[in-house]
Amino acid sequence: MTAASPRPLALARWLFAVAALVVFIVAVGGITRLTESGLSITEWKPVSGVLPPLNEAQWQEAFDDYKQIPQYIEVTGPAGMTLADFKFIFFWEWVHRLIARIIGLAFALPLAWFWIKGAIPKGYHGRLVALLALGGLQGTIGWWMVSSGLSADVRVSHFRLATHLLVALFTLGGLVWTALDLRALARGEERARLTPFALFALAALGLQLFFGALVAGMRAGYVAGSGWFNWDAWPLMQGRFVPEGIDWAAGKIHALLNDPFLTHFVHRWWAWVVVAILVVMARKLRGMDRKAGIAIHSTFGTQVLLGIATVMSGMALWLAVAHQLVGALLVASTVWGAHALGRRSAKA
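Just so we're clear, the structure is a prediction, and the values are computed from it rather than from any experiment. (Residues numbered from 1 in each chain as written. Predicted model: local features only at pLDDT ≥ 70, side-chain atom pairs only at ≥ 80, totals over all residues. Heavy atoms only, no water.)

**Student:** Residue-level account of the nonpolar core, with values.
**Tutor:** Among the nonpolar cores identified, the biggest contains 90 residues, and Trp-14, Phe-86, Phe-107, Leu-128, Leu-172 and Met-281 are the most heavily contacted of them. At 13 residues, helix H6 (residues 158-186) tops the list of elements feeding residues into this core. Judged by nonpolar contacts, the second largest core, of 10 residues, contains Ala-224, Ala-233, Phe-261 and Leu-262. (Core = buried A, V, L, I, M, F, W, Y, C linked by side-chain atoms within 4.5 Å. Buried < 20%, exposed > 50% of the residue type's maximum accessible area, 1.4 Å probe, protein only. Helix = DSSP H or I, 4+ residues; strand = E, 2+ residues; numbered from the N terminus.)

So, in C-alpha cells, the structure goes:
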C-alpha cells in the first residue's frame, strides 16, 4: 500500500477547524476570568483532571482545597461562598481546561495521521510540530498563571495572564497563516511572505492586545466609570481626559504596566492608532483580497463598539466576553490581510 500524496487543502481545512476551537477557548477563558473561576481548581492534573468531582464527598474535598487559598480566605469566604457557588466557578474552569485538552487532541491526532499517510507537503512538517509545541507550552503557561494566585495573591499575575492570552492569539495567528499557505499551495501558488508593513500592523495590534490583557488582569475596566452614554466614562475617564489617580511613585514604566488608570488610558487610545493602521491595510487589499479587507473593517469596527459598550455597561459579562471573542477574530482577520499582502510580495 503506497503512501498518500500531499493533501494541502485537507490540512488547511483541519487547521481552520482548530483555529475555530482556539477562538472558542479564548471566549470561554474570558468567562472564566470574569466569573473569578480561574483559581477554583487548585491542582494541575493533565490526565486524571479530565473528570470533575463525581460525588458529594469529592466535591467537598475540592471545596476544602479551594478554602486554603488567599482568594477564598480574603474574598469569597468572607462574602459567604457556599458549595453551590463553588460548583459554579469550578464548572467554568473545568470546561476551560477540558476544551484545551480537546484542542490538543484535535491537533495531535490528525497531525499524526497526516504524517503517517505522507499527506503533509514538503516544508510543513517543522511548522506543524512548532504549532503543536506552542499548544503544549500554552498548557504549561496556563498552570504557571494559575499558580501565581494560589500562594500570596488573591488574583493571578496580570503579566502571566497577558502571556497566557498572547500565546493563545499567537498560536491562532500561526494556525490561520499556515492554513492560508496550504490553501494557496493547493492552488499552485507560492507561500506568502510577511511584508514590513504587515509586520508593523501585527506588532501594533499585538501591543494593543497586551495592554488589553493587562487591563483584564488588573480589573482596570472598572476605573473609568460607567453609565450608558455617560461621556464622563467614555471618551473621558471619570470626567477627565487623563484620569486622576495615576500612581507615578515607582516611575513611569512601572505605572505604565501596573497602574490600572494609566493602563486603561493607553489601551483605549492606542486602539485608534491600530484602527488607522488597519484602515491602511484594508485599503492596500483593494483589488487583491476584498473579503480580507471587509473582515478587517468588520472586526475592528465591532471591537471598538464593544470596548466602549463594555465600559459604559460597567463591565457587563456578555459584552466583556464578546469583546475578547472579537479580539481573537480581529487577530485572525489581520493575519488574513497580512497573508494577502504577502502573496503579492511573493509574486513580485
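**Student:** Break down helix H9 (residues 260-284) for me, with residues and values.
**Tutor:** With 25 residues, H9 ought to run about 36 Å at 1.5 Å a step, and its terminal C-alpha atoms sit 36 Å apart, in line with that. Of the residues that open H9, the one with a side-chain oxygen 3.0 Å from the backbone nitrogen of Phe-261 is Asp-259. (Expected span 1.5 Å × (residues − 1). Polar contact = N/O pair within 3.5 Å; in protein donor to acceptor, adjacent residues only side chain to side chain.)

**Student:** Describe the packing of aromatic side chains, with residues and values.
**Tutor:** Under the definition given, this model contains 16 aromatic pairs. Aromatic side chains Tyr-66 and Tyr-72 sit 5.8 Å apart centroid to centroid with 70 degrees between the ring planes, which places their arrangement in the edge-to-face category. By the burial criterion, Tyr-66 is buried, and Tyr-72 matches it. Note that Lys-67 overlies the ring of Phe-63, its terminal NZ or CZ placed 4.5 Å from the centroid. (Phe/Tyr/Trp six-rings, centres within 6.5 Å; stacked < 30°, edge-to-face > 60°. Lys NZ or Arg CZ within 6 Å of the ring centre and 35° of its normal.)

**Student:** Go over a nonpolar patch on the surface, please, and point to the residues and values.
**Tutor:** Among the surface-exposed residues, Val-50, Leu-51 and Leu-54 lie close enough to one another that they form a single nonpolar patch of about 290 Å² accessible area. Along the polypeptide, Val-50 turns up in the loop between helix H1 (8-34) and helix H2 (56-66). (Patch = residues over 30% accessible without salt bridge, like charges linked within 9 Å, V, L, I, M, F, W, Y side chains within 5 Å. Areas by Shrake-Rupley, 256 points an atom, 1.4 Å probe, with all protein chains shown as cover. Salt bridge = Lys/Arg side-chain N within 4 Å of Asp/Glu carboxyl O.)

**Student:** So what about the side chain of Arg-33? Which residues, and what values?
**Tutor:** Among the structural elements, Arg-33 can be located in helix H1. Despite its burial, Arg-33 remains without a salt bridge, the nearest opposite charge being carried by Glu-36 at 8.0 Å. In contact with Arg-33, other than residues within four places in its own chain, are Leu-161, Ala-216, Arg-219 and Gln-324. (Lys, Arg positive; Asp, Glu negative; His and termini not counted. Contact = heavy atoms within 4.5 Å.)

**Student:** Tell me about the pattern of salt bridges, and please be specific about residues and values.
**Tutor:** Counted by the stated rule, this structure contains 10 salt bridges. Glu-93 serves as the salt-bridge partner of Arg-97, at 2.7 Å between the closest nitrogen and oxygen. Taken together, the positions of Arg-97 and Glu-93, both in helix H4 (residues 83-116) and 4 residues apart, correspond to about one turn of that helix. Both residues of the pair, Arg-97 and Glu-93, count as buried. Residue Asp-289 is joined to Arg-343 by a salt bridge in which the shortest nitrogen-to-oxygen separation is 3.4 Å. Taken together, the residues span a long stretch of sequence, with Asp-289 in the loop between H9 and helix H10 (290-312) and Arg-343 in helix H11 (residues 317-347) at a distance of 54 residues. When its relative accessible area of 13% is taken as the criterion, Asp-289 is described as buried. Three or more residues are tied together by salt bridges with common partners; here these are Arg-187, Glu-189, Asp-289 and Arg-343.

Function cannot be inferred from these measures alone, as they are strictly geometric.
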